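Notes for the structure review
The chain contents come next:
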2 protein chains.
Amino acid sequence: MSTPDLDSVIEYLQALQANTCQALEDADGQGRFIDDAWVREEGGGGGGNTCILRGGQVFEHAGVGFSHVFGQQLPPSASRERPELAGCGFQAAGLSIIIHPLNPYVPTTHCNVRFFMADRNGQEPLWWFGGGFDLTPFYGFNEDAVAWHHTARQACDAIDEGLYATFKKNCDEYFYLPHRGEARGIGGLFFDDYNTGNFEQDFLLLKSIGEHFLKAYLPIVSRRKDHPYGERQRTFQLYRRGRYVEFNLVYDRGTLFGLQSGGRTESILMSLPPQVRFDYDWHPQPGSEEETLYKEFLPARDWLA
Amino acid sequence: MSTPDLDSVIEYLQALQANTCQALEDADGQGRFIDDAWVREEGGGGGGNTCILRGGQVFEHAGVGFSHVFGQQLPPSASRERPELAGCGFQAAGLSIIIHPLNPYVPTTHCNVRFFMADRNGQEPLWWFGGGFDLTPFYGFNEDAVAWHHTARQACDAIDEGLYATFKKNCDEYFYLPHRGEARGIGGLFFDDYNTGNFEQDFLLLKSIGEHFLKAYLPIVSRRKDHPYGERQRTFQLYRRGRYVEFNLVYDRGTLFGLQSGGRTESILMSLPPQVRFDYDWHPQPGSEEETLYKEFLPARDWLA
């Protein structure tokens, strides 16, 4: 029961990639994904397939990237929390999804599911799952925030009713910009080092996360994609995307580890928004919809209370 | 002779700020700087004055920021290279200049001059100067690159004819994106920990850097600001600005130290470009002007050979 099965994980992630791309193309109605398969030449081997949709009518930029990399020597930066694994052979497989919609009333979102396995000489391999999904609205809607977290809780409850509270808190803590004193968005789920000892059971968590992501996101897209907007909302969206850039380049561990360990730059930085503004010391007008985002949506709270 | 005189440095930096803003307003002909004075409340005291010009006819965004901060406890991250200073009282004063022009044929530029002083119980204070200036063209012109480095060498030669080669090499090494295998621009000067033991003499270096910066930059602005351009050049400019964002947020020590040590976020991030694009796996067309930047200008070379 607890023997890890990397091949099954890879097969699942590749199917999730294909299904996700198809569902996003259907939701967009116009944009099409382009597949970009790549090979990893340094630090062991492996490769991936980065699928990019650009300039859709709903999604300005969407990336769905699969990777499977392996090596004989786990880099020290990857084993900081597990020093006993330094220098061990490893395998890592993951799928990352990032969606930057065109309409500012449709939130940006991100999902990641990953599996890690390290060989330990003469012992059973060590393995764990990680991942989650989170939502970054520009304009807040209570209905959307509650529905998002409701579906996130369903994804967890299917496995263990104690998980949502922990993963939700992890997510609030992780997607946070200390230099702004500000959350990146309204959160969702984040977990790492997940291993209860039962591979099959833990793999079900990964599948549940993968299957609930678009269930949580696409209804929000449907509700907001035709919301009228103008220059003001577009400008605010590009400005808020600047926070996304700040978070991903200054704090996101996956991004920094990837860039610093010789990962494939374009596949790592596919998370960055297609267009961004930076405005010196900008503040929303009191009482505006933009201020509501800061006051009502970004501060961490229990959306299911 | 070697007693450090912080007040003189501050006075010089403030005058340099005023003169720089005036000269940039004159060169722009329309844009005006707005002064934003701020007070540092955490970690000791001090403050600064951040001057921002936005939406000029030549300069899309320019920032000229002075700061003077002090504290009783030098943060460990600031004393990593000098562990004997951890916990010492310190004073730091600096001026940063960043210019993002509108016309893609006018290069982006950056200049920084700074002074640092640490108290050591019962001993003379330790002090040093740092700074430099560098140029980031979107479209390369040999004439501009040679003139830029010629003036950079003049700034150094006025003090010591051995400095240019060292500071130029430092600059090439510092403003480099390892994950791209690419320089940020065509370099210039970069130095840190500069102390020959003679404060007055070393202060002359700072003044020389400060005085040669606009002498090097403004003639390039004059030559290129009316160069015709279209959508293609503007798009390339916004795309290349993405590299500027990557460098500043992933690698720039001043930016990261500032953000992580509770510095004033808006004054630190005034360096970011006003508008930016990120495009997945974009490459210039063979034989294009854009490719020439990558092939002829970004690889480090001796422009004065």
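Here the structure is a predicted model, which is why all the values come from computation and not from measurement.

Scoring rules and cut-offs
Residues numbered from 1 in each chain as written. Chains lettered and ligands numbered in written order. Predicted model: local features only at pLDDT ≥ 70, side-chain atom pairs only at ≥ 80, totals over all residues. Heavy atoms only, no water. Least-squares fit on C-alpha atoms with pLDDT ≥ 70 in both. Contact = heavy atoms within 4.5 Å. Helix = DSSP H or I, 4+ residues; strand = E, 2+ residues; numbered from the N terminus. Buried area = accessible area lost by both parts, 1.4 Å probe. Salt bridge = Lys/Arg side-chain N within 4 Å of Asp/Glu carboxyl O. Polar contact = N/O pair within 3.5 Å; in protein donor to acceptor, adjacent residues only side chain to side chain. Expected span 1.5 Å × (residues − 1). Buried < 20%, exposed > 50% of the residue type's maximum accessible area, 1.4 Å probe, protein only. Arc of directions from axis to C-beta. Pairing = 2+ DSSP bridges. Axes fitted to C-alpha atoms, helices over the stretch in contact; angles between N-to-C directions.

Things to note about the relation of the copies chain B and chain A
For the pair chain B and chain A, the relating rotation is 180°, the translation along its axis is 0.0 Å, and the fit reaches an RMSD of 0.0 Å. Such a combination of turn and shift is consistent with a two-fold rotation axis. Of the C-alpha atoms belonging to chain B, the one lying closest to the rotation axis is found on B:V276, 2.6 Å away. The overlap is high: 100% of the interface residues of chain B also sit at the interface in chain A, so the same surface is used on both sides.

A look at the side chain of B:H68
With respect to the helices, strands and loops of the structure, B:H68 is situated in strand β3 (residues 59-71). Beyond its immediate sequence surroundings of up to four residues, B:H68 is in contact with B:L6, B:I10, B:G45, B:G46, B:G47, B:Q91, B:A92 and B:A93.

Remarks on the interface of chain B and chain A
Counting residues at the interface gives 28 residues for chain B, matched by 28 residues for chain A. Carbon and sulfur atoms make up 55% of the surface buried where chain B meets chain A, a total of about 2700 Å² over both sides. When the area that chain B buries against chain A is broken down by residue, the three leading residues are B:E266, B:F278 and B:Y280, summing to 29%. Applying the counting criterion to the chain B and chain A interface returns six salt bridges. When the shortest N-O distance is used, the salt bridge between B:D279 and A:R54 registers 2.6 Å. The tally of links between chain B and chain A comes to 17 residue pairs in polar contact (both at pLDDT 80 or more). Counting residues per element, the ones that place at least two in the side of chain B that touches chain A are β2 (45-54), α5 (231-250), α6 (253-260), α7 (265-268) and β10 (275-277) of chain B.

Description of helix α2 (residues 142-157) of chain B
All names here are of chain B. Between the first and last C-alpha of α2 there are 22 Å, a value that for 16 residues agrees with the 22 Å anticipated at 1.5 Å per step. Looking only at α2, the buried set comprises D144, A145, W148, H149, T151, A152, A155 and C156. Along α2, the residues classed as buried sweep out an arc of 160° about the axis, all on the same side. Against the buried residues of α2 lie β5 (108-118), β6 (126-136), α3 (163-174), β9 (187-194), α4 (199-224) and α8 (289-297).

Focus on unusual backbone geometry
Although it is not a glycine, A:D193 sits at a positive phi angle of roughly 50°. Taking relative accessible area as the criterion, A:D193 reaches 37% and is therefore assigned partly exposed. For B:D281, which is not a glycine, the phi torsion comes out positive at approximately 50°. Along the polypeptide, B:D281 turns up in the loop between β10 and α8. Given the relative accessible area of 27%, B:D281 is considered partly exposed.

Brief notes about the side chain of B:T109
All names here are of chain B. Locating T109 in the fold gives a position in strand β5. Residue class for T109 comes out buried when judged on its relative accessible area of 0%. Side-chain polar atoms of T109 contact the backbone oxygen of D134, separated by 2.8 Å.

Some remarks on the sheet that holds strand β6 (residues 126-136) of chain A
All names here are of chain A. With respect to topology, seven strands assemble into an open sheet ordered β1-β2-β3-β4-β5-β6-β9, the strand pairing being antiparallel. Edge positions in the sheet fall to β1 (33-39) and β9 (187-194), since each of these pairs with one other strand and no more. Taken over all neighbouring pairs, the strand axes of this sheet differ in orientation by 5° on average, direction set aside. As paired strands, β6 and β9 are joined by six bridges and run antiparallel to one another. Across the sheet, the residue bridging to G131 is F191, located in β9. Docked against the sheet, helix α3 (residues 163-174) engages β6 and β9, running at close to 100° with respect to β9.

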